Amino acid sequence: MALAAAASAAASVAPPFYGDAPDDTHPWAVHDRHRPLPKVVAPGTFSTQDQPGKPPADAIVLFDGKDLSKWESDKDGGPAKWVVKDGAMEAVAGAGYIRTKEKFGDCQLHVEWAAPTKVEGSGQGRGNSGVFLPGGLEIQVLDNYNNPTYADGTAGAYYGINPPMVNALRPPGEYQVYDIVFRRPVYKDGKVLDPGYVTVFVNGVLVQDHTPLEGPGGHMRRTKAGLFPEKGQIKFQDHGNPVRFRNVWIRELPPRSVEGGTDGALTREAAMAKRKETAAALRAEAAKVRNPGAPLPELLLLMESLAYEAEPATVQKVEQMTGQYLGALKGLEPDKLAGKKDEVKNLNNAFKYLLRFQALPTGFAPAAQVDALIKEQGWDKDKKKK
Ligand code: MG
């Protein structure tokens, strides 16, 4: 059903037998008409200093300026004891970290924060908070505007591990915008399949570029690559400074190919599994359009399925149906046969495509017969006419 919907939606996008065929690690052809179309997401709006923007339609809003209902105390899971005022939540010294009630895995996280307008303290003591991602790494929140500190503790740092590439902060009191993409490490049988990564933009400026995860990081001590949970809470730090937050939202991300996602280059096993699935759906579609009086739609769908899986029974069926089709053509009067030129050429192109990508054995007899008919009729010589 999904395939049928995708096919009708994509029919205007690309025909079958078009881009390079699926291969060992790509379950889709280039420009594949069966590849699911991206879901439509209404984007949000950007924030101004006075007005927080609107989150994208599929975001989970963690804080919209009104209440802390999505948050709890990190100490005991009780109510979060930060204050909410003027559309922002503000850290309260001694109240402790707060964390989301819900747990998240791979995500895109949007956070806006402002250090106190009144500048107090220096180095790590000025406008310090932090965004803690699942697994415990901190993306540093700190008023580093004209306030140097150690590089790996600068605003936008993967704290203790990797400094931001640049310091793109606005003055204290103004809202800073963090956009974070978090991919946790993926393990299987004790082996790291993907180390995980964090990407961070500060005020639209890239500061962490797909930085590989090494562990939670932290203060003074070299981190150990610990096991990351599949899901964990997002936390904001109480570092004793009244840092404000607003417009906090999160989008969960689809799995990577390494953990069963179907985009990008896949393992051979995963690619073949997806190809078989597409081939089976095409064979089912073919069965639905079966019509002995007009066999081409079924034949072409069966042929298309061969690009995904060269199932021997289907190869045989294609051979048999093509033989019958050609046999019927031979009985036609010359003018009727001439009317079949386009569909025969179309069939020939489909065969050429499948031969080019070794979805059919070289010298496949029906393909040669179709090609011979085209040459016999001189249909290969009138490319410019029509
Ligand atoms: Mg901090």
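## Things to note about the overall build of the chain
Okay, step 1: Assigned secondary structure in the chain consists of seven helices and 15 strands.
Okay, step 2: Taking the principal axes of its C-alpha atoms as reference, the chain extends roughly 95 × 45 × 35 Å.
Okay, step 3: Residues counted as buried form 34% of the 386 residues belonging to the chain.
Okay, step 4: At a minimum sequence separation of 6, the contacts of the chain that also span at least 24 residues come to 60%.

## Digging into helix α4 (residues 312-330)
Okay, step 1: Taking 1.5 Å per residue, 19 residues should reach 27 Å; α4 reaches 27 Å between its end C-alpha atoms and fits that length.
Okay, step 2: Of all the positions in α4, only Val318, Thr322 and Tyr325 are classed as buried. Take α4 and look down its axis: the buried residues cluster within an arc of 65 degrees, on one side only. Projecting away from the buried face of α4 at angles above 90 degrees are the exposed residues Pro312, Ala313, Gln316, Gln320, Gly327 and Lys330.
Okay, step 3: Considering only its buried residues, α4 is in contact with α3 (296-306) and α7 (365-377).

## So, the environment of Leu360
Okay, step 1: Note on placement: Leu360 falls in the loop between α6 (341-356) and α7.
Okay, step 2: When the 22 C-beta atoms within 10 Å are taken as the criterion, Leu360 is described as buried.
Okay, step 3: The contacts of Leu360, once residues within four sequence positions are left out, are Leu306, Val315, Leu354, Leu355 and Ala367.

## Some thoughts on the packing of α4 against α7
Okay, step 1: Running from N to C, α4 and α7 cross one another at 25 degrees; their axes reach a closest spacing of 9 Å. In terms of axis orientation, α4 runs roughly parallel to α7. Of the two possible hands of crossing, α4 and α7 adopt the one that is left-handed. Here α4 contributes Val318, Glu319, Thr322, Gly323 and Leu326 to the contact with α7, which in turn contributes Pro366, Gln369, Val370 and Leu373.

## Notes on the pairing of strand β11 (residues 191-194)
Okay, step 1: One ladder, built from three bridges, connects strand β10 (residues 186-188) with β11; its direction is antiparallel. Bridging from a neighbouring strand, Tyr187 pairs with Val192 of β11.
Okay, step 2: Hairpin remark: β10 followed by β11, antiparallel, with two residues in the connecting loop; positive phi at Asp189, about 50 degrees.

## Here's the deal with the sheet that holds strand β7 (residues 129-132)
Okay, step 1: Taking strand neighbours across the sheet as the criterion, the five strands line up as β2-β5-β14-β7-β8 in an open arrangement whose pairing is antiparallel. What marks the edges here is a single partner per strand, and that holds for β2 (71-73) and β8 (138-141).
Okay, step 2: Two elements, β7 and β8, share four bridges in a ladder whose sense is antiparallel. Its bridge partner being in β8, Phe132 is matched across the sheet by Glu138.

## Topic: the nonpolar core
Okay, step 1: Counting 46 residues, the largest nonpolar core has Val131, Leu133, Tyr178, Ile180, Val198 and Phe245 as its most contacted members.
Okay, step 2: Listing elements by their share of this core, those giving two or more residues are β1 (60-63), β4 (88-90), β6 (107-114), β7, β8, β9 (176-183), β12 (197-202) and β15 (244-252).
Okay, step 3: Looking at this core element by element, the count peaks at five residues for β6.
Okay, step 4: Apart from residues no more than four positions distant in its own chain, Ile180 is found in contact with Leu109, Val131, Ile139, Val198 and Val200.
Okay, step 5: Counting 28 residues, the second largest nonpolar core, distinct from the first, contains Phe17, Met303, Tyr308 and Val370.

## Considerations on the pairing of β7
Okay, step 1: Residues Ser129 and Val131 of β7 are buried on one face, and the alternating residues Gly130 and Phe132, pointing to the opposite face, are buried as well.
Okay, step 2: Count of turn residues in the β7/β8 antiparallel hairpin: five residues, of which Gly135 carries a positive phi of about 100 degrees.
Okay, step 3: As defined by bridge partners, β7 adjoins strand β14 (residues 235-236) across two bridges and the pair is classed as antiparallel. Within β14, the position partnered with Phe132 by the bridge is Lys235.

## Quick word on the domain arrangement of the chain
One frequent convention defines the size of an interface as the accessible area lost when the parts assemble.
Okay, step 1: As assigned here, the chain comprises domain 1 (2-36 + 265-377) and domain 2 (60-259).
Okay, step 2: Each of domain 1 and domain 2 has a C-alpha centre, and these two points are 52 Å apart.

## Regarding the packing of α3 against α4
Okay, step 1: With their axes 10 Å apart at the nearest point, α3 and α4 run at an angle of 145 degrees to one another. Here the hand of the crossing between α3 and α4 comes out left-handed. On α4, the residues touching Leu299, Leu302, Met303, Ser305 and Leu306 of α3 are Thr314, Val315, Lys317, Val318, Met321, Thr322 and Tyr325.

## Quick notes on the environment of Met272
Okay, step 1: If you trace the backbone, Met272 turns up in helix α2 (residues 268-288).
Okay, step 2: Its 17 C-beta neighbours within 10 Å are what place Met272 among the partly exposed residues.
Okay, step 3: Spatially, the C-alpha atoms of Met272 and Asp23 are 8.6 Å apart, while their sequence positions differ by 249 residues.

## Re the environment of Gln324
Okay, step 1: The topology assignment puts Gln324 in helix α4.
Okay, step 2: When the C-alpha atoms of Gln324 and Gln208 are compared, they prove to be 62 Å apart, with 116 residues separating the residues in sequence.

## Remarks on unusual backbone geometry
Okay, step 1: Not every positive phi belongs to a glycine, and Asn146 is a case in point at roughly 55 degrees.
Okay, step 2: Examined against the element boundaries, Asn146 turns out to sit in the loop between β8 and β9.
Okay, step 3: You will see that Asn203, though not glycine, has its phi angle at about 50 degrees, which is positive.
Okay, step 4: Position of Asn203 among the secondary structure elements: in the loop between β12 and β13 (205-212).

Rules of the game
Residues numbered from 1 in each chain as written. Predicted model: local features only at pLDDT ≥ 70, side-chain atom pairs only at ≥ 80, totals over all residues. Helix = DSSP H or I, 4+ residues; strand = E, 2+ residues; numbered from the N terminus. Buried ≥ 20, exposed ≤ 12 C-beta atoms within 10 Å, placed from the backbone. Contact = placed C-beta atoms within 7 Å. Expected span 1.5 Å × (residues − 1). Arc of directions from axis to C-beta. Axes fitted to C-alpha atoms, helices over the stretch in contact; angles between N-to-C directions. Parallel < 35°, antiparallel > 145°, perpendicular 65-115°, else oblique. Left-handed = near helix turned anticlockwise from the far one by under 90°. Pairing = 2+ DSSP bridges. Core = buried A, V, L, I, M, F, W, Y, C linked by C-beta atoms within 7 Å. Domains from an automatic or database assignment.

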